[in-house]
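Fold and contact review
Spelled out, the chains give:
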Amino acid sequence: MIVNAANAQKSWGIRAGANFSNVSESNTDMQTGIYAGLYKQFGLVSKLLYIQPELQFSSQGFDTKTTSTELNYFQVPVLARLYILKAFSLETGPQIGFLVSDKTSGAVNPDYNTFDTSWAVGMSINLPLGLFIDTRYIAGLSDLNDFSSSKNQVIQMGAGFRF
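Let me sum up the structure you'll find in this document.

Quick notes on the rules
- Residues numbered from 1 in each chain as written.
- Predicted model: local features only at pLDDT ≥ 70, side-chain atom pairs only at ≥ 80, totals over all residues.
- Heavy atoms only, no water.
- Patch = residues over 30% accessible without salt bridge, like charges linked within 9 Å, V, L, I, M, F, W, Y side chains within 5 Å.
- Areas by Shrake-Rupley, 256 points an atom, 1.4 Å probe, with all protein chains shown as cover.
- Salt bridge = Lys/Arg side-chain N within 4 Å of Asp/Glu carboxyl O.
- Helix = DSSP H or I, 4+ residues; strand = E, 2+ residues; numbered from the N terminus.
- Buried < 20%, exposed > 50% of the residue type's maximum accessible area, 1.4 Å probe, protein only.
- Contact = heavy atoms within 4.5 Å.
- Core = buried A, V, L, I, M, F, W, Y, C linked by side-chain atoms within 4.5 Å.
- Polar contact = N/O pair within 3.5 Å; in protein donor to acceptor, adjacent residues only side chain to side chain.

**Brief notes about a nonpolar patch on the surface**
- Together, Leu44, Val45, Leu48, Leu82, Ile84, Leu85, Leu90, Met123, Ile125 and Ile133 make up an exposed nonpolar region whose accessible area comes to about 810 Å².
- For the nonpolar patch, the secondary structure elements donating two or more residues are strand 3 (42-45), strand 5 (68-85) and strand 7 (115-126).
- The dominant element in the nonpolar patch, judged by the number of residues it contributes, is strand 5, at three residues.

What follows is the structure, given as structure tokens:
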């Protein structure tokens with residue numbers, strides 16, 4: 001599909017979808033959660049390169065044979081977005097997460113770090129009328145807690161709208 005140039009120039013929007021999360025260096029199972037947020041694009045090179053800061057809520061976690069852990073974050077990704085074609089873009093950049101709640105069933109709740117740093121990489125298919133679908137992989141750079149070297153790993157799949 002071809003998108004008119006105005007869609008690539010719209011500067012802010014919303015995005016939401018599903019998280020498929022796990023942790024590294026651990027024998028755990030993936031957990032499904034949600035994410036939702038707002039973003040704003042600032043043009044660096046017209047119709048080609050943008051900086052995109054976001055604010056989003058992200059529910060992620062992991063499961064073991066005996067426990068289920070849910071970690072809820074407010075996250076602030078700051079991404080570089082490159083429009084390869086009007087209908088296709090790539091994105092990458094750092095992300096900072098602030099843990100707002102955590103819950104572990106079946107065990108004493110471990111003390112999780114309240115600050116999480118990650119790196120995100122993804123792509124979007126830009127549709128007419130400001131709609132888009134996107135996917136993103138987020139690799140944790142900081143440990144979940146002080147007694148483990150496990151890091152968050154999240155795949156996001158969703159959709160959004162540019163205003």
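Back to the text.
**Section: the environment of Ser105**
- Position of Ser105 relative to the elements: it lies in strand 6 (residues 88-105).
- The exposure class of Ser105 is partly exposed, given its relative accessible area of 34%.
- In the structure, Ser105 is positioned 38 residues away from Thr67 in sequence and 5.3 Å away in space, judged by C-alpha atoms.
- Ignoring any residue separated from it by four or fewer positions in sequence, one finds Ser105 in contact with Thr66, Thr67 and Ser68.

**Comments concerning the nonpolar core**
- Counting residues in each nonpolar core, the largest one holds seven residues, listed as Val23, Phe62, Leu71, Tyr73, Leu99, Tyr112 and Leu144.
- Here Leu71 is in contact with Ser58, Ser59, Gln60, Gly61, Phe62, Leu99, Ser101, Asp102, Tyr112, Leu144 and Asn152, once residues within four sequence places are set aside.

**What about the side chain of Gln41?**
- Here Gln41 is to be found in the loop between strand 2 (29-40) and strand 3.
- A distance of 2.8 Å separates polar atoms of two side chains, one belonging to Gln41 and the other to Gln52.

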